[in-house]
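Here is how the chains run, residue by residue.
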Amino acid sequence: MNLNTLSERVTPIYILSGFLGSGKTTLLQRMVTYWQEQGLRPAVIMNEIGDVNLEGALIEETVPMTEMLSGCICCTIRGDLSLEISNLIQKESPDVIVIEATGIANPMEILDGVTEAALYMRIDLKSVITVVDARHLLELYEHQQGKTYRLMQEQIRCASYLILNKVDRVSEEEQAKVKEILSRWNEYAPIIPSVRCDVDWVPLFGSDVHHLEHIMNREHEHEESHDHAHHSHDHVMVYTHYFKGPIDSQRFEELVNQLPREVYRAKGVMTFSDTTSRFLFQYAFREADFLKINPQGVVPDVVVFIGEHFSQAALKNALDELEKIG
Ligand SMILES: Nc1nc2c(ncn2[C@@H]2O[C@H](COP(=O)(O)OP(=O)(O)OP(=O)(O)O)[C@@H](O)[C@H]2O)c(=O)[nH]1
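Residues numbered from 1 in each chain as written. Predicted model: local features only at pLDDT ≥ 70, side-chain atom pairs only at ≥ 80, totals over all residues.

## With respect to the overall build of the chain
Right, on to step 1. Assigned secondary structure in the chain consists of eleven helices and twelve strands.
Right, on to step 2. Taking all 326 residues of the chain together, the buried fraction comes to 37%. (Helix = DSSP H or I, 4+ residues; strand = E, 2+ residues; numbered from the N terminus. Buried ≥ 20, exposed ≤ 12 C-beta atoms within 10 Å, placed from the backbone.)

## Examining helix 6 (residues 146-157)
Right, on to step 1. Between the first and last C-alpha of helix 6 there are 17 Å, a value that for twelve residues agrees with the 16 Å anticipated at 1.5 Å per step.
Right, on to step 2. Those residues of helix 6 not exposed but buried are M152, Q155 and I156. Each buried residue of helix 6 sits inside an arc of 100° when the element is viewed along its axis, so together they form one side.
Right, on to step 3. The inward-facing, buried residues of helix 6 abut strand 1 (11-18), helix 4 (107-118), strand 5 (123-133), helix 5 (134-143), strand 6 (161-165) and helix 7 (172-185). (Expected span 1.5 Å × (residues − 1). Arc of directions from axis to C-beta. Contact = placed C-beta atoms within 7 Å.)

## Observations concerning the packing of helix 5 against helix 6
Right, on to step 1. It is at 10 Å that the axes of helix 5 and helix 6 come closest, and there the two elements cross at 120°. Looking at the two axes, helix 5 sits oblique to helix 6. For the pair helix 5 and helix 6, the sense of crossing is left-handed. Contact residues: L137, L140 and H143 in helix 5; G146, T148, Y149 and M152 in helix 6.
Right, on to step 2. Partitioned by chemical class, the residues of the contact of helix 5 with helix 6 number four nonpolar, three polar and no charged. (Axes fitted to C-alpha atoms, helices over the stretch in contact; angles between N-to-C directions. Parallel < 35°, antiparallel > 145°, perpendicular 65-115°, else oblique. Left-handed = near helix turned anticlockwise from the far one by under 90°. Nonpolar A, V, L, I, M, F, W, Y, C, P; charged D, E, K, R; others polar.)

## What about the environment of E172?
Right, on to step 1. As for its position among the elements, E172 is in helix 7.
Right, on to step 2. For E172, a count of 8 C-beta atoms within 10 Å gives the class exposed.
Right, on to step 3. Separated by 108 residues in sequence, E172 and P64 have C-alpha atoms that sit 40 Å apart.

## Looking at the sheet that holds strand 10 (residues 278-284)
Right, on to step 1. In spatial order, the strands read 8-12-9-10-11; together these five strands make up an open sheet with antiparallel pairing. Whereas interior strands pair on both sides, the edge strands pair on one side only; in this sheet they are strand 8 (235-242) and strand 11 (287-293). Pairs of neighbouring strands in the sheet enclose a mean axial angle of 15°, with direction left out of account.
Right, on to step 2. Looking at chain direction, strand 8 and strand 12 (residues 302-311) are connected through seven bridges and run antiparallel. (Pairing = 2+ DSSP bridges.)

Take a look at the structure:
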């Protein structure tokens, strides 16, 4: 692989979320095994509360693993997360990275850490997979209060896929009820029932199999899985757009003013065709801000959009149009 293709390489990232004991580690082990069987090199970022990562011991030694101990990724070490990601990519150049977030982390904050890294590394957040313990959710739903309930709700809302795990511990009727709750909280994420997170990977990694095949220079495409994934991936929480060249600043501002409500945050580094300097772009609470910058080293032109299940295709099309005009 020459340097050029190396710098063009985009590392797919998955976030695994879910409440304590829901089955995240079980799922992580299965994901790692699946990718290894595909001939890929996965890497793992794990975060546990406490000083010893017991579960890390469950993952094979050949899998590069970064452990972030003594705290929850989202509260204490959010900045470090983006650093960990870039270190891992530089040192190990994995084909795919999985971040297992502690059961008490708020996934929105983890998304923030990941998108921070997207500003200086070519990464692509593929999906947030949330594991739900079927019985635990039913029990919490009965009471409908408390921090645990709200956090679980957050984790469910921001998922691109919901693994409804431990269905061996609920009746058919109960399973139907949990599914109904889940689809009310998150109408976009497909719900995949499982026992010990034993799921069919093709729908889950459809587009990524396609993507990873591309990395591996394989020729064939799996049309069916690609279509499926395209459909379910269109409504995303994060969209990262790498620009191929400078764009017109006024047209970009117009686009920003017309962003859908669901996009509530954006940030990036940009080069405009009608200005000389590069800019740090920030967008929050429907307000855009541009700051002249002179980045050190090689920093790509990229904007990360963060929100709640907005249409990635619509945004991508609009940005592609701007690029065509230049
Ligand atoms: N009955 C049943 N038990 C399961 C299932 N999946 C996982 N478990 C068990 O649930 C426990 C927790 O699973 P883990 O995969 O460690 O869950 P986790 O979300 O990583 O847990 P934390 O690291 O504490 O957040 C383990 O004892 C598993 O064996 C399932 O489908 N059914």
